[in-house]
Amino acid sequence: MTTNAAQTIDPSKQPVLSVSDLTTSFLVDGEWRTVVKDISFDVMPGETVAIVGESGSGKSVTSLSIMRLLARASSRIEGSIRLNGRDLLSLPEAEMRKVRGKDVAMIFQEPMTSLNPIFTIGRQISEALTCHGNISNAQAKAETIRLLEKVRIPNASSRFDEYPHQFSGGMRQRVMIAMALASRPKLLIADEPTTALDVTIQGQILDLIKVLQEEEGMSVLFITHDMGVVAEISDRTIVMYRGEAVETGKTDDIFHRGQHPYTRALLSAVPRLGSMKDQRQPLRFPIVDASTGELSEPKALADTVDHGRTPVLEVKNLVTRFELHGGLFARPTGAIHAVENVSFDLAQGETLSLVGESGCGKSTTGRSIMRLINPKSGEVRLDGYDVMKLGAVDLRRMRRSIQMIFQDPFASLNPRMTIGAAVAEPFIEHRLGTRSEAREKAADLLERVGLKADMMSRYPHEFSGGQRQRICIARALALDPKVIVADESVSALDVSIKAQVCNLLMDLQQSLNLSYLFISHDMAVVERVSHRVAVMYLGEIVEIGPRASVFENPQHAYTKKLMAAVPVPDPSRRGIRRNLAVDELKSPVRPVGYQPPAQHYREVSSGHLVRMEEAA
């Protein structure tokens, strides 16, 4: 169910925040380098203004400049920043400290790094109250509990004395919002507050910010790279590109009448849920040239799935559990049921997507299939190998047939190895040829993934995030695998880079007949790249079937919840709320000896199965 909430902004009032000709520079190698150039905008009372752009566009530096959180020795802020009529750039540091938290508050992308792990969340929120007001500890505790209830944290009073690690990512972000609201600021700066969260939690946080904005009457400066989020939350939008505001206007005008080529490029790269109706095969993303605005329409892809042959990967009743130990003698106290009776197969040339929230077991499933984690039981057959029975030598040989691409490409690459050596290493380690043949293979693979062979002598830090992920894809292809497990391989990338990498994966599937196990929490991307989809919840597959069947006729309540939470890049939905249940993903921890109930599935249509829930 959704509800509409109209937001009225009085244009006759003075702006809460007025930024004029903001220019921010950093001292690099003895020279001042400008990263934000002449930015000007106002935020009116009760208004939400979004600053949108990709990594490196200068949007976060803009917010840090407003808060004066940049290191004074190595940064220079010029122009004018006025908050409620006061010039923030002329304030002494002691006065600015009083402004932060009281008049303007900020929430950041990663709540775990923003919270102190050694203090309870109650103490941390109370500290924000006592710093900016003369109140007793008892009053601060009562107000903190009220704030926790306001941000919809269940059982707020009982969670006052809990530590950050005892909260999920979404609940930690709620704590950060409660802390930001503690002194009732007139302006809330939200710097990518939902980027690190699952799609359902993101939906809850966006709904929460809308509700709190109405209740508190505050203004919001929302910084993001997700145009779907922009459409759902902002009244006006500023598009930033390479440190400059290239387009500013009402959100509806930006989306429907965007003038700048970069604005159109950002919009075209946004995956839209429901855009694949009547499409039988996966479809490449359209690519817009950021400098010219020229759109390249995606060509239809051929059917790569080989339905006649034996599946290249068969998984039956896979179970992976992690024992928990405690007490004086470290006896077993229970187990995390990470993967529970998971079964599926994967045909040659097919993409099967595993979707679900963090903690649902999808990544553990991928690692269990490769035996990077040893499963407790089940059968895995891959390209003729009985994976569960393989010894060390055969297991190494088997891994030529299946390779993995991880979420963070920088963490996957050795910073001391050139990328040529990194791509060639699997070929050399498996003794598939000489070093000169390995270099030729690496050069060919780099060209294949859209890089140049003369880049082989460079190091990982010399590449952007999207280029590093291309290098990881090239390395995964070095052993000519039949199956690639892509574990959240595009989740950390900007929207246009995400589109390019997804297109690359689909092109490689066309040319090399690869099979993908595509692990993701992004339903809109999954719809675009998949042949079949499996939805996981608490270690079990609750729905599996052809992509069109699952997306056009979802049956399980959890599948519907995932799809309802996806931000839609349509400004007419501004003010619409999903009213998603405020709950955390249930714990997969079970006591010793626990036996899960038998799973029963019903067939909705050909190949489309949904788990039958037990009657309450």
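In what follows, the structure referred to is the one given above.
Not measured: the values here are computed from a predicted model.

Time to look at the packing of aromatic side chains. Taken as a whole and judged by the stated rule, the model has 2 aromatic pairs. Between Tyr-241 and Tyr-262, the aromatic rings sit 4.2 Å apart at their centres with planes inclined by 25 degrees, giving stacked as the arrangement. Placement of the pair is Tyr-241 in strand E9 (residues 236-241) and Tyr-262 in helix H10 (residues 261-268), with a sequence separation of 21 residues. You can call Tyr-262 buried: its relative accessible area is 3%. The interplanar angle of 40 degrees and the centroid separation of 4.6 Å between the aromatic rings of Tyr-537 and Tyr-558 together place this pair among those described as tilted.

For the rest of this paragraph, the subject is the packing of helix H4 (residues 121-132) against helix H6 (residues 169-181). Two elements in contact, H4 and H6, have axes whose closest approach is 8 Å; the angle formed by their N-to-C orientations is 25 degrees. As judged from the angle between their axes, H4 and H6 are roughly parallel. The handedness of the crossing between H4 and H6 is right-handed. Judged by residue contacts, Ile-121, Gln-124, Ile-125 and Ala-128 of H4 engage Val-175, Ala-178 and Met-179 from H6. For the contact of H4 with H6, the residue count by class is 6 nonpolar, 1 polar and no charged.

Our next topic: the pattern of salt bridges. This structure, assessed with the given rule, holds 30 salt bridges. Salt-bridge contacts for Arg-100 lead to Glu-93; the nearest nitrogen and oxygen are separated by 3.2 Å. The class of Arg-100 is buried, set by a relative accessible area of 15%. For Glu-488, the salt bridge identified is with Lys-362, shortest N-O distance 3.7 Å. Highlighted residues: Glu-488 in the loop between strand E19 (483-487) and helix H17 (495-512) and Lys-362 in helix H11 (residues 362-369), separated in sequence by 126 residues. Each member of the pair, Glu-488 as well as Lys-362, is classed as buried. Where salt bridges share partners, they join Arg-86, Glu-95, Lys-98 and Asp-103 into one cluster.

Here we come to the pairing of E19. A large share of E19 lies buried, amounting to 5 of its 5 residues. In E19, alternate side chains face the same way, and those of Val-483, Val-485 and Asp-487 on one face and Ile-484 and Ala-486 on the other are all buried. Sheet analysis places E19 next to strand E20 (residues 515-520), joined by 5 bridges and oriented parallel. Paired with Ile-484 across the bridge in E20 is Tyr-516. Read as a crossover between parallel neighbours, the route from E19 over H17 to E20 is right-handed.

Rules behind the numbers
Residues numbered from 1 in each chain as written. Predicted model: local features only at pLDDT ≥ 70, side-chain atom pairs only at ≥ 80, totals over all residues. Heavy atoms only, no water. Phe/Tyr/Trp six-rings, centres within 6.5 Å; stacked < 30°, edge-to-face > 60°. Helix = DSSP H or I, 4+ residues; strand = E, 2+ residues; numbered from the N terminus. Buried < 20%, exposed > 50% of the residue type's maximum accessible area, 1.4 Å probe, protein only. Axes fitted to C-alpha atoms, helices over the stretch in contact; angles between N-to-C directions. Parallel < 35°, antiparallel > 145°, perpendicular 65-115°, else oblique. Left-handed = near helix turned anticlockwise from the far one by under 90°. Contact = heavy atoms within 4.5 Å. Nonpolar A, V, L, I, M, F, W, Y, C, P; charged D, E, K, R; others polar. Salt bridge = Lys/Arg side-chain N within 4 Å of Asp/Glu carboxyl O. Pairing = 2+ DSSP bridges. Right-handed = clockwise from strand over helix to strand, strands pointing away.

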